[in-house]
Structures are given as C-alpha cells and as structure tokens.
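So the chains spell out like this:
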Amino acid sequence: MAWTKLWVIAYRDLTRNRRRTFFTLLAVALGLALLIVLNGFIAGVVEDALQNSIRLQTGHVQVRAASFPDGKRSIQWRDLIERPETIVAQAEAMPEVMAAAPVLWTDAILNTSDESMGLQVYGIDVASRLYDPIRASLVAGNFIEANDRSGVLIGKRLADSLGLKVGDTIRLTTINANGEPEEGLFVIRGLFASGVLIYDEGTAFMPLAKAQAFALTGNRASVVMIELHRQDDADAVAAALAQPGLQTLTWRDLNAFFLQSMNAAMSFYIILDGIVMLIVAVIISNTLLMAVFERIREIGILASLGMKRGQILRMVLFEASIIALIGIVAGTILGLLGVGFLTQNGFEMGEMAASAGNLPMSNVLYARFVPDTFAWLAVWTFIVALVASLYPAWFAARLEPVRALHTS
C-alpha cells in the first residue's frame, strides 16, 4: 500500500473522534508553548544577570595586581596597581576596546544619625564611558565631577531606606591602606536607580582622586576595567595586555562561579522540560491506544485483506506524526507570541529581586529569543510523540486478524 494512502487513512482515523483529537493536539501545543516561554524567559534571566555583572562590576577584561585576592577587596599597596594610567592608555589604543578606566574599590560603613549599614565604595574616573549606564540612571541631583572633594552618588533605594536625599551629608568609615579606620563627611550629589537591587542598595560612587585620598592608596587603583565592542574579543585583549606582575582576567574568569551555577541550574530545567514532555507523551499514547481499541475490528479487516503488520504499524505512527506536527506548529506560534510579549513587557520582580542574593538581577526581567533552543524543543517534542506511539502501533500490528474480527 502506498504511503500516501496510509497518511489518508491515518488522517481519517483521527477525525472520527474530533474532540479527543483536538484535546490531544491542544496538550501538545500547550506543552511546547510552555517550554518555549519558560526556556526563553530563563535565557533572558541568565543573560540579564551576566550583562549586569559585566556592565556594573567586572567589565569584559580586568587587569589587576598578581597578588590581588580573588573574591575579596584589598587596598593594601602590594595588592594595587601602580600607575594604572599607563595600562589605560595601552588598552584604549586597541581597536577592540570601547573604554578603559582605573577603579579603586573599598568597603565602608555609611553612618547617619539613626543607623548605619555596609556598602561598597567605587572610586571612578567620572569622565569614562564605563559609567554612562550610571549617568543615564540618575533620578535626582547631578553626576559627580572629577574635582569634587566631598561628593558621592548613592542608589535611590539606599537613600529611601535611610531617609536621605540629595544635599544631605553622610559619614563614611573605611579601613585605609595602613589598616587604620578613616572617617569622612560626604555630600550626596545625586541618586541613581540602575534597576539592579544589589547595586542600588549597597554602592556609592566618588571621584577616583578622592577615593585614593580617603583610603590613603596614593595614585594606585584596584583594577583597570575594560569594556569591549565585542565580548568575544576578551581573550585576545587579555593576552595583549598581559605582563609580569599583573593578571589579566576575562569576563568568563570573573563570572566563573555565576556561569557554573547557571550550568548546574540548567540541569533542573532540563528535568522540568522532560516532565512536561513525559506528560504530553502519556496523553498521546493514551489517545492512540483508545483509537486502536475502538478500531480493532477494522484493523482485523485490513489485515485479512492483506495489509501487512509493518503497514499497520506505520499507519499508527502516521497518526502520531500528524498530531505532533500540528501541535508543534500551533505550540511554536503560541510560544513565540508569549516570548515576544515578555521581551517587550517583561516581568516585574519587585521585592523578589532582593532575594536573589549576590545575583545582579534586574527589577524587571525580560525573555530572550533563542532560536536554537526553540528548534530543539520542537524536534524533541516530535521524537517524544513518535516514541509514545510505539506501543500503540506495536499493539495494533500484533493483532491477529481472526481474533480481531471476532471482537465486538
């Protein structure tokens, strides 16, 4: 029997019980749509956190002293870069580099008349393009200037939590390079809202020269942070800037723990994908088994007329293929619409973003189109549908014509 005729028979069999077929198609479509939206949203969350880390903390490449401790902040002279401006000049001469600037990091305690809290102080080159995102996120006041000896920027959420506003004076306490406590009075020049809660609640910016004087580090800096036009050029730029006494790290090195954590978390989402597909497989298998039981006499007649077992098996597989293909098309359309909605409108995390710990998660999360992932989900849905139909197909093919004809 020609394959086209088997397709026709398979289609005709599915239309006999249209309600059951429709709900099976709906299950396939909704299952795939759910997976597409879920995976698109997860991809968006991971990319958002990674880009926030690169944009606000690590850069694409960092150059720092060989003794600078991993995962900690040190302002001891031996751990800082001397004459960072020479490294900045070398980096900015490279066509791959968009911006480079020295940064001095120090931990401090912010004290008000009512309470105190810890934060991270960034001493920055205020003219560098690296801080355009902070400049663009100002919601009150003005950006600090290079010659400002007492001005700082803090996050609006931090200011709101402490009842502070632009123009207020705060006291910062740090441990300087000599290991002694150092206090200073600073005036809030502006408030920023980057949308990343861990920065908006725990970061202060001041001019690099003032931070160096405050921490008694001379002209030294913690790192030279470099931002590239293309993050894929990070390895080449890091290799070009390597020299004795310094370590050059790429965004992959600097975010290694985050990337490893996300890879481990992805195994959970793979399990979740598998559970959804398993549910779809059970529904398809149940639908086809019911269809086979309803057509036992018909299958017996077809077998007695000469239809081979292989043809009966393929007929049932074709029924599963029709369900899977129509469900995949519908599910892909629904899923892409859902991802498109989340790429435009996002999902507002609100206070839940604060529970992310050190994960630099934005207040509003957006999905992301990942065509390769979506294509593989569709392929695996089709494969699962075919695997689920194997038992009903085998059962139909193994029916004895005589027994099938005597089944009421």
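Each remark here, short or long, concerns the structure printed above.
What counts and how
- Residues numbered from 1 in each chain as written.
- Predicted model: local features only at pLDDT ≥ 70, side-chain atom pairs only at ≥ 80, totals over all residues.
- Heavy atoms only, no water.
- Salt bridge = Lys/Arg side-chain N within 4 Å of Asp/Glu carboxyl O.
- Helix = DSSP H or I, 4+ residues; strand = E, 2+ residues; numbered from the N terminus.
- Buried < 20%, exposed > 50% of the residue type's maximum accessible area, 1.4 Å probe, protein only.
- Phe/Tyr/Trp six-rings, centres within 6.5 Å; stacked < 30°, edge-to-face > 60°.
- Arc of directions from axis to C-beta.
- Contact = heavy atoms within 4.5 Å.

Q: How do you make sense of the pattern of salt bridges when you look at a structure like this?
A: It is possible for side chains of opposite charge to pair when their charged atoms get near one another. Enumeration over the complete set of coordinates arrives at 11 salt bridges. For Arg189, the salt bridge goes to Asp148, with nearest N and O atoms at 2.8 Å. You can see Arg189 sitting in strand S7 (residues 181–192) and its partner Asp148 sitting in the loop between strand S4 (138–141) and strand S5 (151–155), a full 41 residues away along the chain. Arg189 gets classed as partly exposed once you look at its relative accessible area, which sits at 29%. The shortest N-O distance in the salt bridge between Asp233 and Arg230 comes to 2.8 Å. Each of Glu82, Arg83 and Arg220 takes part in a single network of salt bridges with overlapping partners.

Q: Which parts of the structure should I look at to understand the packing of aromatic side chains?
A: What describes a pair of aromatic rings is the distance from one ring centre to the other and the angle between the planes of the rings. The final tally for this structure, using the stated rule, is 7 aromatic pairs. Here the aromatic rings of Trp105 and Tyr122 are separated by 6.2 Å at their centres, their planes lie at 70 degrees, and the arrangement is edge-to-face. Residue Trp105 is found in strand S2 (residues 97–111), and its partner Tyr122 is found in strand S3 (residues 116–124); the two are separated by 17 residues along the sequence. Judged by relative accessible area, which is 5%, Trp105 ranks as buried.

Q: I keep staring at helix H8 (residues 234–241) and nothing clicks. Help me out?
A: Along an α-helix, residues three or four apart share an orientation, since each turn contains 3.6 residues. Residues of H8 that are buried: Ala234, Val237, Ala238 and Leu241. Projected onto a plane normal to the axis of H8, the buried residues spread over an arc of 100 degrees and lie on a single side. On the buried face of H8, the contacting elements are strand S1 (61–65), helix H3 (84–92), S2, strand S9 (223–228), strand S10 (246–250) and helix H9 (251–254).

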